[in-house]
Amino acid sequence: DSHKPKNVILLIGDGMGASEITLARYYGKGAEGTLNMETLPFSGELITYGLSAGPGPDYPPNYVPDSAPTATAWSTGKKTIDARLSQGPSAAESIPGSNAGYKTTFEIADQRGMRVGNVSTAEITDATPAAPSSHISQRACQGPNDARTICLSETKGKGGLGSIAEQQVVNLL
């Protein structure tokens, strides 16, 4: 059927750029060699900066963000502050942001009838693998029993979406 979505594989090398790819090629295949990933039909790079917490609606830039706002940028196309995953900025790190407008790659694929999965060499609740399947203001809120106050304010018992792990279980089923 021509209306069925095509299979799409998204390979993300967290913290990997042209230098790391070149090093892998030289080491694994030699200077004239080609890595299998270099034969894929499309590739891209993301260079971004994050935002700093503030009163909004404009937030000052953070030129050295952690991986959560960078993962949010590739997953949603929008910027946010440190520790945020697929959630908007806010006045302070301790105040959750809005999820409005932060639709993730997995949510878009799901709406298009595509099946999604997440394979990671890092913990699945780390920022980069968690960004396409969760919305949370604290990347440290990885499991449902996290005792951090900020994390508890976003768990299901407090009316939130739950920890990263809880959201991934729901979103990947």
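Peer 1: It is not clear to me how the overall build of the chain should be interpreted in this structure. Could you clarify?
Peer 2: Secondary structure assignment for the chain yields six helices and two strands. The N-to-C order of helical and strand elements in the chain reads α-β-β-α-α-α-α-α. Residues classed as buried in the chain amount to 31% of the 173 residues present. Contacts in the chain between residues far apart in sequence, at least 24 positions, make up 47% of those at least 6 positions apart. If you sum the accessible surface of the chain, you get close to 10,900 Å²; carbon and sulfur atoms cover 55% of it.

Peer 1: What's the story with unusual backbone geometry in this structure? I'm lost.
Peer 2: Backbone geometry follows two general trends: most residues other than glycine have a negative phi, and most peptide bonds adopt the trans configuration. Between Gly 56 and the following residue, Pro 57, the backbone shows a cis peptide bond with an omega angle of 5 degrees. Turning to its location among the elements, Pro 57 is positioned in the loop between strand 1 (50-51) and strand 2 (61-62). Even without being a glycine, Ala 83 presents a positive backbone phi close to 75 degrees. Mapped onto the elements of the fold, Ala 83 is located in the loop between helix 2 (67-76) and helix 3 (105-111). In the Ramachandran plot, Ser 86 falls in the positive-phi region, its phi being about 50 degrees despite a non-glycine side chain. Turning to its location among the elements, Ser 86 is positioned in the loop between helix 2 and helix 3.

Conventions we followed
- Residues numbered from 1 in each chain as written.
- Predicted model: local features only at pLDDT ≥ 70, side-chain atom pairs only at ≥ 80, totals over all residues.
- Heavy atoms only, no water.
- Helix = DSSP H or I, 4+ residues; strand = E, 2+ residues; numbered from the N terminus.
- Buried < 20%, exposed > 50% of the residue type's maximum accessible area, 1.4 Å probe, protein only.
- Contact = heavy atoms within 4.5 Å.
- Areas by Shrake-Rupley, 256 points an atom, 1.4 Å probe, with all protein chains shown as cover.

Don't take any of this as a statement about function, it's just geometry.
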